[in-house]
Amino acid sequence: MSNALTRWLHSDVGYSFRQSPTAMVAAFIAFVCLFSAVFAGWVAPTNPFDLATLELSDARRPPVWMEGGTSQFLLGTDDQGRDILSAIIYGSRISLVVGLASVVLSVLVGVGLGLLAGFKGGWIDALLMRLCDVMLSFPAILVALLIAGVGRALFPNAHESLAFGVLIVSITLTGWVQYARTVRGTTLVERNKEYVQAARVTGVAPLRIMFKHVLPNVMGPVLVLATIQVASAILTEATLSFLGVGAPPTSPSLGTLIRVGNDYLFSGEWWITIFPGVMLVLIALSVNLLGDWLRDALNPRLR
């Protein structure tokens, strides 16, 4: 592991990373957010979703530096007495899981269809690209709202895992198009190059050419797009949760916490919505900055 890290640090990408303070700060923030989310059970002071530990007498307590605040609740509490800091940590875990899972599914679907359209061409290419055009003609948030709303209507008493599944699928259906169009355009260029023609002449199967020879050469743009799309997926999940069709109230994400706190924003309890909003901004901003750096690092002409 240490040898692999050393080789990466001395590579062109690693050198670019070490020369970019913005990328290093963004990576540190992203790592802290990811570490806190993954190990929320150990990092968070309390479990904010354990109803047995909630006390209504602790509701709407201000942050520790304000009058009435206590060291037990560093960032204050919400209307149910939940520790805001703990709720943010647990909520960011849900947002990150939904965002990462939806991006992984979008990559799998989009790369597969884009590779097929670009390599095969003909009516397959025309059909898939028209499907992409149809998907792009609808605002992504409206499509996600429709799918999430229909899923909740069909399964009103479903388990939380199914609710998260519907949320992930709704974001995936709006995210795969960009990967498909990107991979398709790159594949159209790669399929006419000499190494692909040589593989065809030697009798290599088309599927093997697609996945062994063409796919590695189109993954650069996909990696950059996926990094940026993680932030977009997290913001989409937060938007859906804010509108009430995202994560269930029993396991609120950052968007749900912002929606709950929005009811108290102008009544003096600003911390209930501001701190989850700040966390959401930090996650999205750090991921976007990493995506911008990765784009430049993988394309020396943009440095």
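As a reminder, the structure under discussion sits directly above these lines.
The structure displayed is predicted, hence computed values, not measured ones.

On a plain count of helices and strands, the protein comes out with 12 helices and 0 strands. N-terminal to C-terminal, the α/β element order of the protein is α-α-α-α-α-α-α-α-α-α-α-α. Dimensions of the protein, computed from the C-alpha atoms along their principal axes, are close to 75 × 50 × 30 Å. Each of the 303 residues in the protein was classed as buried or not, and the buried ones make up 43%. Nonlocal contacts in the protein, meaning residues at least 24 apart in sequence, comprise 70% of its contacts between residues at least 6 apart. Counting every atom, the protein has about 15,900 Å² of accessible surface; 67% of that belongs to carbon and sulfur.

Okay, the side chain of D78 next. By the secondary structure assignment, D78 is in the loop between α4 (40-43) and α5 (84-120). Since its relative accessible area comes to 3%, D78 is described here as buried. Of the polar contacts made by the side chain of D78, one reaches the side chain of R82; its length is 2.7 Å. In contact with D78, not counting residues within four places along its chain, are A59, R60, I84 and I272.

This part covers a nonpolar patch on the surface. A contiguous nonpolar surface patch, about 1,000 Å² in accessible area, is contributed by F28, F31, V32, L34, F35, V38, F39, W42, V43 and L100. For the nonpolar patch, the secondary structure elements donating two or more residues are α3 (21-38) and α4. Among the elements that make up the nonpolar patch, the one with the highest residue count is α3 (6 residues). Along the chain, F31 falls in helix α3. Classification of F31 as exposed rests on a relative accessible area of 53%.

Scoring rules and cut-offs
Each chain carries its own residue numbering, running from 1 in the written order of its sequence. Note on the predicted model: pLDDT of at least 70 is required for a residue's local features to be given, and 80 or more for side-chain atom pairs to be given and counted; whole-chain, interface and lining totals, by contrast, use all residues. Think of the side-chain values as coming from all heavy atoms in the structure, minus any hydrogens and water. By the criteria applied, helices consist of DSSP H or I runs no shorter than four residues and strands consist of E runs no shorter than two, each listed in order from the N terminus. Think of it in three bands: residues with accessible area under 20% of the maximum for their type are buried, residues over 50% are exposed, and the middle band is partly exposed, with areas taken using a 1.4 Å probe on protein chains only. Contacts: residue pairs with any heavy atoms within 4.5 Å of one another. Under the convention used here, a 1.4 Å probe and the Shrake-Rupley method define accessible areas, while residue burial counts only the protein chains that appear. Polar contact is the term for a pair of N or O atoms within 3.5 Å; when the atoms are in protein, one must be able to donate a hydrogen and the other to accept it, and sequence-neighboring residues count only if both atoms are side-chain atoms. Candidates for patches are residues over 30% relative accessible area with no salt bridge; among them, like charges are joined within 9 Å and nonpolar side chains (Val, Leu, Ile, Met, Phe, Trp, Tyr) within 5 Å. For salt bridges, the criterion is a side-chain nitrogen of Lys or Arg within 4 Å of an Asp or Glu carboxyl oxygen.

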